[in-house]
Amino acid sequence: MRIFIDSANIEEIKEAADMGFIAGVTTNPSLVAKEHRDYHQVLKEICALVDGPISAEVIGLDYESMIREAQELAAIHPNVVIKIPVTENGLRAIHTLNLKGIKTNATLVFSANQALLAARSGASFVSPFIGRVDDNGNDGLALLHDIVTIFDQYLLDTEVIAASIRHPMHAVEAARMGSHIATIPFSVIKLMIKHPLTDAGIEKFLQDWKNK
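Residues numbered from 1 in each chain as written. Predicted model: local features only at pLDDT ≥ 70, side-chain atom pairs only at ≥ 80, totals over all residues. Heavy atoms only, no water.

Caption draft 1: View of the nonpolar core. The biggest cluster of nonpolar side chains holds 60 residues, and the ones touching the most others in it are Leu73, Ile82 and Val126. Counting residues per element, this core draws most heavily on helix H8 (residues 140–153), which supplies six residues. Grouped together as the second largest cluster of nonpolar side chains are five residues, Phe4, Phe125, Ile161 and Ile181 included. (Core = buried A, V, L, I, M, F, W, Y, C linked by side-chain atoms within 4.5 Å. Buried < 20%, exposed > 50% of the residue type's maximum accessible area, 1.4 Å probe, protein only. Helix = DSSP H or I, 4+ residues; strand = E, 2+ residues; numbered from the N terminus.)

Caption draft 2: Layout of the sheet that holds strand E8 (residues 181–184). The strand order around the closed barrel built from eight strands is E1-E2-E3-E4-E5-E6-E7-E8, with neighbouring strands paired in parallel fashion. Strand-to-strand twist in this sheet, taken as the mean axis angle between neighbours without regard to direction, amounts to 25°. Here four bridges tie strand E3 (residues 54–57) to strand E4 (residues 80–85), and the two strands are oriented parallel to one another. If you follow glutamate 57 over to E4, its bridge partner there is lysine 83. Running over the sheet, helix H3 (residues 39–49) touches strand E2 (22–26), E3 and E4 and is turned about 170° from E3. (Pairing = 2+ DSSP bridges. Axes fitted to C-alpha atoms, helices over the stretch in contact; angles between N-to-C directions. Contact = heavy atoms within 4.5 Å.)

Caption draft 3: Representation of the pairing of strand E1 (residues 2–6) within the structure. The buried fraction of E1 is high, at four of five residues. Bridge count for E1 against E8 is four bridges, and the pairing is parallel. The partner of isoleucine 3 across the bridge, within E8, is alanine 182. Direction of pairing for E1 relative to E2: parallel, over a ladder of four bridges. Bridge pairing links aspartate 6 to threonine 26 in E2. One crossover worth recording links E1 to the parallel E2 by way of helix H1 (residues 10–18), and it is right-handed. (Right-handed = clockwise from strand over helix to strand, strands pointing away.)

Caption draft 4: Structural view of the pairing of E3. Because side chains alternate across E3, one face comprises the buried residues Ile54 and Ala56, and the other comprises Ser55 and Glu57, equally buried. With helix H4 (residues 63–74) bridging E3 and the parallel E4, this β-α-β connection has right-handed handedness.

Caption draft 5: Layout of unusual backbone geometry. Even without glycine at this site, leucine 108 takes up a positive phi of about 55°. Take leucine 108: it is sitting in strand E5 (residues 104–109). Although it is not a glycine, leucine 155 adopts a positive phi angle of roughly 50°. Its place among the elements puts leucine 155 in the loop between H8 and strand E7 (159–162). Assessed through its relative accessible area of 71%, leucine 155 is described here as exposed.

Shown next, in the form of structure tokens:
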């Protein structure tokens, strides 16, 4: 399972990228808004830091706006992938962009039906929001399992991105289920790295060294 970072904060992305395991980045309008910076400039800086898929989301809801924004974003860098929500207009846009050779990430996926339709429309990636599904009293990991199983059964080229990761066990279970990718907030990545036994072991080694 490849690890993406879900962030628009340049310092977070740089710190994670320097550790060597980041294979891509996902952003969204909410993440970019927190940075109070120009969206296109942020994307350019991210593309300079991480050599992998960089998901950038359109905000238009009608088909024409989606296509126009997608082409503007895709022109920033070859690694930019266009995030498009799974709606009727979104699926139409995904199909059109696929024909134009522009990669897409079908976002705000909350059902296996949505994921399957997006894949068949030509999406390069689909992003089930497992944490948000949990928040609404359902089982996000069960949804992820269904999507991975269906895609594997029919050998679909579309990759599954486990999104809306809330805690380290989400990442572990996503890997166990065979998700191609997990996109993870920096705060959760830091929790994945840390373990109290590692800290205790380091402390013991240092104490033993002092007492030699």
